[in-house]
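# Understanding the architecture of this molecule
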Amino acid sequence: IGSSTYKRNNVYKHLVERFEKANERTYFIKDVNADFKLQFEAYCLAKNYAHNTIARTVKFIKTLCYHARNNGIDTHFQLDAIAPKLEKTDKVFLNLDEIKKIEDSNIEPEYLVNARDWLLISCETGQRVSDFLRFTKEMIRYENGKPLIEFTQVKTGKIMTVPLSKKVLEILKKRKGN
């Protein structure tokens, strides 16, 4: 698994450990049933976890239980009936006017200007934070006089080539290519 998957799985693990501590008991694979799900959801809601975070964690627990079952460990007969449901959420994005306001904002100190520049690069390239924060000037190449940035996406392993916009080039010029 990738490092981000490993980190996310540790987050799930620690949440289950806090749940066990709050209930003063250890849960085993065979204990994952409808009652476990209800108790776990109630605990998470009381701790102000988002519904979709709870659902993803329950789904992760089910996946572990299925893996255990496939390796000969007994599971509860209700396991298959546990059905975490994700809620539909609105997509959050910045429109062109909002991006322009960010671009034109007069901010200090330098670390905030730097953060703004990274945000603008993110908006212009449309890449995940795990990818665009790794961008270096060595990744830039020119094809027919047009600047491109070429990199391998962390999540997918896919090689990407993205044209650099005038805004990104202005930021790079301001920062001497870095």
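What counts and how
Residues numbered from 1 in each chain as written. Predicted model: local features only at pLDDT ≥ 70, side-chain atom pairs only at ≥ 80, totals over all residues. Heavy atoms only, no water. Salt bridge = Lys/Arg side-chain N within 4 Å of Asp/Glu carboxyl O. Helix = DSSP H or I, 4+ residues; strand = E, 2+ residues; numbered from the N terminus. Phe/Tyr/Trp six-rings, centres within 6.5 Å; stacked < 30°, edge-to-face > 60°. Buried < 20%, exposed > 50% of the residue type's maximum accessible area, 1.4 Å probe, protein only. Contact = heavy atoms within 4.5 Å.

## Looking at the pattern of salt bridges
- Tallied over the full model, the rule gives 13 salt bridges.
- Among the ionic pairs, Asp117 bridges to Lys174, the shortest N-O distance being 2.8 Å. With Asp117 in helix α5 (residues 110–125) and Lys174 in helix α7 (residues 166–174), this pair connects stretches of sequence that are 57 residues apart.
- Linked by salt bridges that have partners in common, Glu110, Arg116, Asp117, Lys174 and Arg175 make up one network.

## A short note on the packing of aromatic side chains
- Using the criterion set out here, one finds nine aromatic pairs in the structure.
- Geometrically, the ring pair formed by Trp118 and Phe132 is tilted, given 5.9 Å between the ring centres and 35 degrees between the ring planes. Of this pair, Trp118 sits in helix α5 while Phe132 sits in helix α6 (residues 129–132); the two residues are 14 residues apart in sequence, bridging distant segments of the chain.
- Classification of Trp118 as partly exposed rests on a relative accessible area of 25%.
- Taking the relative accessible area as the measure of exposure, Phe132 reaches 7% and is therefore buried.
- Pairwise contacts between aromatic rings join Phe19, Tyr27, Phe36, Phe40 and Tyr43 into one cluster.

## Here's the deal with the side chain of Lys37
- Relative to the assigned elements, Lys37 resides in helix α2 (residues 34–46).
- When sequence neighbours within four positions are dropped, the list of residues in contact with Lys37 reads Val58, Ile82, Ala83 and Pro84.

Remember, this is a structural readout, not a statement about activity or role.
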